[in-house]
Every structure is written in C-alpha cells, then in structure tokens.
Amino acid sequence: MLQQVEGSQAVAETVAACRPEVICAYPISPQTHIVEALSRLVKSGELTNCEYVTVESEFAAMSVAIGASATGARAYTATASQGLLYMAEALFNASGLGLPIVMTVANRAIGAPINIWNDHSDAMSMRDSGWLQLYAEDNQEAADLHVQAFRIAESLSLPVMVCMDGFVLTHAVERVDLPEQDAVDAFLPAYEPRQVLDPAEPYSIGAMVGPEAFTEVRYLAHLRQLDALTAIPEVADDFSRRFGRTSGGLVRPYRLDDAETVVVALGSVLGTIKDTVDQLRDDGERIGVLGITTFRPFPAEAVRKALRDATRVVVVDRALAAGMGGVVGADVRVALAEESMRVYDVVAGLGGRPITKASLHTMLRAAVTDTLPPLSFLDLDTNVVEEQRHPAGRRPDRP
Amino acid sequence: MPYQHVPFKQTGTLVLGNRLLAPEQRTVQADQRRTNALSVGHRACQGCGEALGARYVLDAAMRASDGQMVVANATGCLEVFSTPYPESSWRIAWMHSLFGNAPAVATGIAAALKAKGRTDVRVVGQGGDGGTVDIGMGCLSGMFERGDDVLYVCYDNEAYMNTGVQRSGATPPAARTATTEAVGPEPGNVFGTGKDVPRIAMAHDVPYVATATVADLRDLEAKVERAMTLHGPRYLHVLVPCPLGWGTASSQTIEIARLAVESGLFPVFEAEHGEVTSVLPIRQQVAVEDYLRPQKRYAHLFGDPVRTDVIARLQEIADRNIARYGLLKDAS
C-alpha cells in the first residue's frame, strides 16, 4: 500500500508484517522511532503472538534475541552506534550459534567525540561479526530489505543486519509502498529452526570447542557466508517477481555502460551520487555508479565484474579506518587485485556532514583528470586541522 | 526425558534414610526416575561443590516441571567442564551463550515460549558468582524488575575459579585469591561492603529468593521445589565450596559448607516478595575461626602472629548475620 510515511514507521510496519515473535528494544537515537512504532503495534493488539521486551541495555537486547531465536522464535531488534558496539560480544555469539536474528541498524557515528548523526562507522566496525549486512538506498528498499532479511536469515541460519542511514532515512518522510500482509505471508514462510531448545528433544547448544575443531567451525561459518552470495540474489529476484519492484541483491549498477569512471558507495548517498553522475554524463563524462547493497558477505566477484572495464574507481566511504583509510575501499581494492585500474578512496560524510552534489562534482572532476590523491577527505577543513595540530602559542617553530 | 535406569550405586547416601519416608517425601536424587540432568563423565574437579549443587537443583527442577524445562547457562566452570565438544553431560535442553548474559538469554527463552503459547515449559538460568554478581548483574536486575518468568540459580564459590581463582564481587574479606594475594600488611581481599545479591534480589520484591548450600541437599531440593511452584522471577543463591580455590580437600566440600552455615557467615533463608519467610537456624554454633582454619585461602590469618584482629572482624560479619536473620533460636 502506497503511503507517505516516515522511514522508521515504514520499517516498523514491515517488520510487523513479518510476524516477529519476540522484539527486544533498548532506545538509542536515531533508532527510537522504529521501536516506538513496534511497541504501539504490539500494545494495541495489531501485532499478535509477539512478546515485546524492553531491556536494560543493547547487550541484553541481543542476548534476549539469542535466547528467543534458539527457542525457535522469530526474533528482531534494532540499534545504532554505541548500542551496536555495546552488543558486540553478543553479535559474534549470535552468528557463531547460527541464529537467524534480524536487526535494523540506524547507522550513526561512534564516539568519542560523541555524535548522534549519520555515517557508517557503527556497522563497519562490526563487519567481521559474522552477520550479513544489507544497506538500504532509500526507505522503500529499507522496508523491502527487512522482508528479504528474514527469509535470507532463516534459510541460511545466519543473522542479518539491515543498515539504513540514521536520520537521513529513519526520519525522512517519503512515499513507500508498504508490503501487504498477504504478500509477505506468501513470500516469508514460518520460521522452522534447524536446532531448537525443546525438552522433548534436548540439545546442548553452545558447547566449548577447542583447537581440534575450532578451525573447521570457523571455516564452515565462512562457507555459510559464501552461500549467502547465491541466496541473496535469489531472494531478491523472487521478491522482484512477487512485489513488482527491485530491492536488495548484491550490487546495483547505474549507467555503467562504457563508463571509464565508476563511483562505488553504499546507502542513501547513492541518490546524490547518481544525480551528480547524471550531470557529469550531460557534460560528456563517461561515468557511472556501482551501489553495494550486500557488504557482508562481500560480493567480490560481482564487484570485479561490474568494474573490470573501468579505468578508474572512486569509492565513497562513510567510515574511516584510522591509520588505514576507507573501509569499503580496502575491500574493493582486494576485489580488483588482478585488475589494473586506479582506485581512489574518498572518506565523506562523517558524523552527519552533508555530502553535497557540489562537493561530489568537484571531487569527481578531479578524479576524471586523475588529480585526486589515493585517499582524500571530502570537504576537509584544513584550517581546523592545522589549528588543532599546532595550536596557537604552541607552534614549535614560532620565533 | 524418558525413564532412565539409575544403578543403585549411583543413587547416593540419601536413599537409605529415604526408605523410611513416605514416597512423596523422598528426595529427588533417591528417585530412580530422576533426570540425571548433569550426568556422569563431566570434567569437574573431585569434590566440586558446583557440580553437586547443579545436579541437585536441576533434577529437582526437572521433577517439579515434569521434565518440561529449558536451561540457560553462563560461561564458567559449569559450562566448561560439562560441554567440551563433542561431549555433553547435559540430559536436558541446555544452552550456553556468554558470560554476562545468562539471565537475558533466559528471558528470551521465556519470551519465545510465551509467544508460542508453551506455558508448560519452565525456564532456569544459572551461572557462577562471577557470571551472576559481577558481569551478569545488569541482566539479572533487568530480569527481576520486568517480572520475567525465570528461576535464576547462582552457584557461589566466591571467586573466578574457571580462570584460576581471581577475586569476584562475592569473594569474602581477607580471602586469598590470585588477584588478592596473601602479601603485604593487609593480605587477602579487602574489607569492602560486599555484594549481597540475595538481598539485592529481595529489594526487587521478586516472588521468591532463597539461599542454600550443598551441606543440606534436601533443603536445596525443597527450595527448588518451592521456587518451581511460583511464577515470575525467582532467585536461588547456593554456596558451593571449591576445593581448588578454597584450598580444601575434596572430601571436605560438604563439611566446609556446613561450617559456613553453622558459623553464621552464610545465612540460609527464604524470602517472598521482599520479606524473609524462614531461616535455617544454626544447630550448633561454631566460631568463624573453625570455618576459616581448614581453608588454605585463609592460611595467612593463622601464621605467626595469628591475625586475631582480622578474624575478629570476620566474626563480626557472622554475628551481624546471626542478628539480622535470627539464626540462633536462643538469641531471639
């Protein structure tokens, strides 16, 4: 049903349509509107057969989800930023135990300095947690990805993070075609766990594994991630057939035909990038965009195929690995190790700084003339940096 | 669980006295149809109080729930010695997640069962003192205040034994651990205020709080049975001596637990909705010195000179417990 709706509300109603049985909630900006809306749906009786548990921390939120999922319940939670870090230990546990929990991450910076605004530092810091990571480009996709996420998670016995940009998407009101209940029911079968806590068939779940088998356990986890590279496009195709629109999948090419320059990015910034690329196309530049929807597992082969004819690749990273550079950029370079094109990494939009078309335009103009450094920071205010590095009165060389 | 034959030699000494009792009064462990929740072959040390306590608690809870029970276990000795892959000593539906989250995992299990309408299945959470009074305290308090339908059991051996006997929030004053060594002018653990989790649980006004020890296993079973008749958050704190950490002989586990009770250092009581409803009176009071002396973790108190000052401070703690709970019949 088409609605003019806030992103958080769209996600909450879509999650409700997936019939979760246990929802755990601990509030953190900018995730709050999602769990508030779900609370209303449960309390009002619109979402039935669902326990809504208000916990005392994100660590508890994920732990409650772990217990619920291991008992065979479809479990959901949402978080952001510091909250994601606070549940880090439980994240690795959920994936290690193969529990198909679905979680929304309303992407936000992590501190210090404390900052509530949007970037991808939170989810990127958990990229090796064993969770699948899907990034929504807009609120339609954010809603759709949740329906797909439950099916992917449950078919693979792996947890899935649906990442949507905090505020930029969570608090944006736009037109969303909310998945109808009947269609969701047809698309998403009831959860049938592979192993469940049941007195009738008592399993020991979560045994200690020593050096004799730990490598094999980890290797199997890697294989299951690789299985997702097949499962995710299949689920996206089926979704497209049933719902009549394209959401999800591994990567999303835009105007890549004959493109010499390709901009790679994740999330809501793709819209701004596409507009900028359209302008550059109008100016005669052969430029395109590759959106990465699935960041974990990293679709290295799909990325390589999409980029192999390019002369240069510009990765716009919404997170910084200090001391190294861009996070997505590093993975793209690995995917392109056998190729000869230049790769530029641009760290942009940290802590909610807007990524404007004007800034992108200037940066991409430099890229197409190969005057961009390998690693750069969009709109970096060098005056502030210099002032902080050499505060007035403490300049070492001042006479 | 289906009926499982238990050889007579395994049924324990309680079986003999039980023959004189009516069947309904006999202990769970004397029942050949008991679950054997924690079965033989696990890797606990000889004389492990925690293994003993856990077996009695879970078998009693299994009987009380008619075998319809799920357990969430914190990381710690109990988890490590029972489930080295590919072995498991558990004959129950059992899950281990992390060190600090067993109460929250239990909450999740209870929530899932409720959502599925499985009102017949009961949930037990359990962990050691580290997992309960320290790293799991937040999750435990949350489980209490929300009113989640979970029996949580803490097996308290008064230090982090699994990692090599380091101090926990449940380590008593003056006790030597690997992080409170018996060196310097004030050897052993500090005299802090302690962290009395049974009373913290009572402050949440939960339906049931009880303490017990492995010195009185029938009392332990009875408390589990009582807890299982109730719903909502319930808390059971069981003192389980650790021969390795306390520096006692494997054969002394029961004796040391009894001395902890008889000295007044470990008060055994029940409370409902925040009010104490019963106490196990001291039968024959002993000085705390008699409890401390057999344990190597207190050996530094009995050197030259004997630290009578420290022993007196520990006696004050016991005396305060005796007064608070009325542990001496004559005293009240």
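Parameters and conventions
- The written sequence of each chain sets the order in which its residues are numbered from 1.
- In the order they appear in the text, chains get letters beginning with A and ligands get numbers beginning with 1.
- Predicted model: local features are reported for residues with pLDDT of at least 70 only, side-chain atom pairs are reported and counted for 80 or more only, and whole-chain, interface and lining totals are derived from all residues.
- A run of H or I in DSSP becomes a helix once it reaches four residues, and a run of E becomes a strand once it reaches two; helices and strands are each numbered from the N terminus.
- Throughout, the radius of gyration refers to the C-alpha atoms, and the reference size of a globule is 2.2 Å times the residue count to the power 0.38.
- Residue burial is a threshold on neighbouring C-beta atoms within 10 Å of the residue's own C-beta, all placed from the backbone, with 20 or more meaning buried, 12 or fewer meaning exposed, and counts in between meaning partly exposed.
- Two residues form a contact once the distance between their C-beta atoms, set from the backbone, is within 7 Å.
- For two strands to count as paired, DSSP must find a minimum of two bridges between them.
- Seen with its strands pointing away from the viewer, a crossover is right-handed if its path from the first strand over the helix to the second goes clockwise.
- All residues other than Ala, Val, Leu, Ile, Met, Phe, Trp, Tyr, Cys, Pro, Asp, Glu, Lys and Arg, Gly among them, are scored as polar; the first ten of these are nonpolar and the last four charged.
- Source of the domain bounds: an automatic or database domain assignment.
- Orientation is described by axes fitted as lines to C-alpha atoms, over the contacting stretch for helices, and by angles from 0 to 180 degrees between their N-to-C directions.
- A helix is expected to span 1.5 Å multiplied by its residue count minus one.
- It is the directions from the helix axis to the C-beta atoms that the arc portrays.

As a further point, take the overall build of chain A. Counting its secondary structure elements, chain A contains 14 helices and 18 strands. Computed over its C-alpha atoms, the radius of gyration of chain A comes to 22 Å, within 12% of the 21 Å expected for a compact globule of 399 residues. Taken over the C-alpha atoms alone, chain A extends approximately 75 × 55 × 50 Å along its principal axes. Taking all 399 residues of chain A together, 52% fall into the buried category. Long-range pairs, those at least 24 residues apart, make up 79% of the contacts in chain A between residues at least 6 apart in sequence.

Residue and element names in this part refer to chain A. Of the two faces of strand β6 (residues 132–135), both are covered, the one formed by Leu132 and Leu134 as well as the one formed by Gln133 and Tyr135. Alignment of β6 against strand β7 (residues 160–165), held across four bridges, turns out to be parallel. The partner of leucine 134 across the bridge, within β7, is valine 162. A crossover links β6 with its parallel partner β7, the connecting element being helix α7 (residues 139–156), and its sense is right-handed.

Further remarks concern the sheet that holds strand β3 (residues 122–128) of chain B. Strand order in the open sheet formed by nine strands is β9(A)-β2(B)-β1(B)-β3(B)-β4(B)-β6(B)-β5(B)-β7(B)-β8(B), and the pairing between neighbours is mixed. What marks the edges here is a single partner per strand, and that holds for β9 (204–205) of chain A together with β8 (275–279) of chain B. The pairing of strand β5 (residues 208–213) of chain B with strand β6 (residues 234–239) of chain B spans six bridges and is classified as parallel. Across the sheet, residue threonine 211 of chain B finds its bridge partner in β6 of chain B, namely histidine 237 of chain B.

Moving on, we get to the interface of chain B and chain A. Between chain B and chain A, the contact holds 38 residues from the first and 37 residues from the second. Listing elements by their share of the side of chain B that touches chain A, those giving two or more residues are β1 (69–73), α3 (77–82), β2 (93–96), α4 (102–115) and α6 (137–146) of chain B. The dominant element in the side of chain B that touches chain A, judged by the number of residues it contributes, is α4 of chain B, at eleven residues. Looking at the side of chain B that touches chain A, its residues break down into 22 nonpolar, twelve polar and four charged. Relative to β2 of chain B, β9 of chain A runs parallel, the two being bridged by two bridges. Opposite isoleucine 205 of chain A, over in β2 of chain B, you have methionine 95 of chain B as the bridge partner.

The next thing to look at is the environment of tyrosine 152 of chain B. All names here are of chain B. With respect to the helices and strands, tyrosine 152 occurs in strand β4 (residues 151–156). For tyrosine 152, a count of 31 C-beta atoms within 10 Å translates into the label buried. Residues tyrosine 152 and glutamine 126 lie 26 residues apart in sequence; the distance between their C-alpha atoms is 5.5 Å. If we skip the residues at most four places from it in the chain, tyrosine 152 touches Pro103, Ala106, Gly125, Gln126, Leu140, Met143 and Tyr235.

With that out of the way, let us pick up the domain arrangement of chain A. One widely used convention gives an interface's size as the accessible area the parts lose upon coming together. All names here are of chain A. Domain annotation of chain A identifies domain 1 (2–243) and domain 2 (251–384). Centre-to-centre, using C-alpha coordinates, domain 1 lies 27 Å away from domain 2. In this assembly, 26 residues from domain 1 lie in contact with 20 residues from domain 2. Only α6 (121–125), β6, β7 and α9 (214–243) provide two or more residues apiece to the side of domain 1 that touches domain 2. At five residues, the largest contribution of residues to the side of domain 1 that touches domain 2 is made by α9. When the residues that make up the side of domain 1 that touches domain 2 are grouped by side-chain class, the tally is 15 nonpolar, six polar and five charged.

Before going further, it helps to examine the sheet that holds strand β13 (residues 294–296) of chain A. Residues and elements named next belong to chain A. If you trace the seven strands from one edge of the open sheet to the other, you get β3-β2-β4-β5-β7-β6-β13, paired in mixed fashion. Since the sheet does not close on itself, it has two edges, and those belong to β3 (51–54) and β13, each with one partner. Neighbour-to-neighbour, the strand axes of the sheet open up by a mean angle of 20°, direction not taken into account. This element, α7, spans β5 (102–107), β6 and β7 of the sheet and lies at about 170° to β7.

Residues and elements named next belong to chain B. In a regular helix each residue adds 1.5 Å, so 18 residues correspond to 26 Å; helix α12 (residues 308–325) covers 26 Å between its end C-alpha atoms and thus fits that length. Within the span of α12, buried status applies to Leu314, Ala318, Ile322 and Tyr325. Burial along α12 is one-sided: seen end-on, the buried residues are contained in an arc of 95°. Residues of α12 that are exposed and point more than 90 degrees away from the buried face comprise Asp309, Ala312, Glu316 and Arg320. Looking at the buried side of α12, the elements it contacts are β7 (269–272), β8 and α11 (288–292). Residue glycine 326 follows α12 closely and has a positive phi angle near 60°.

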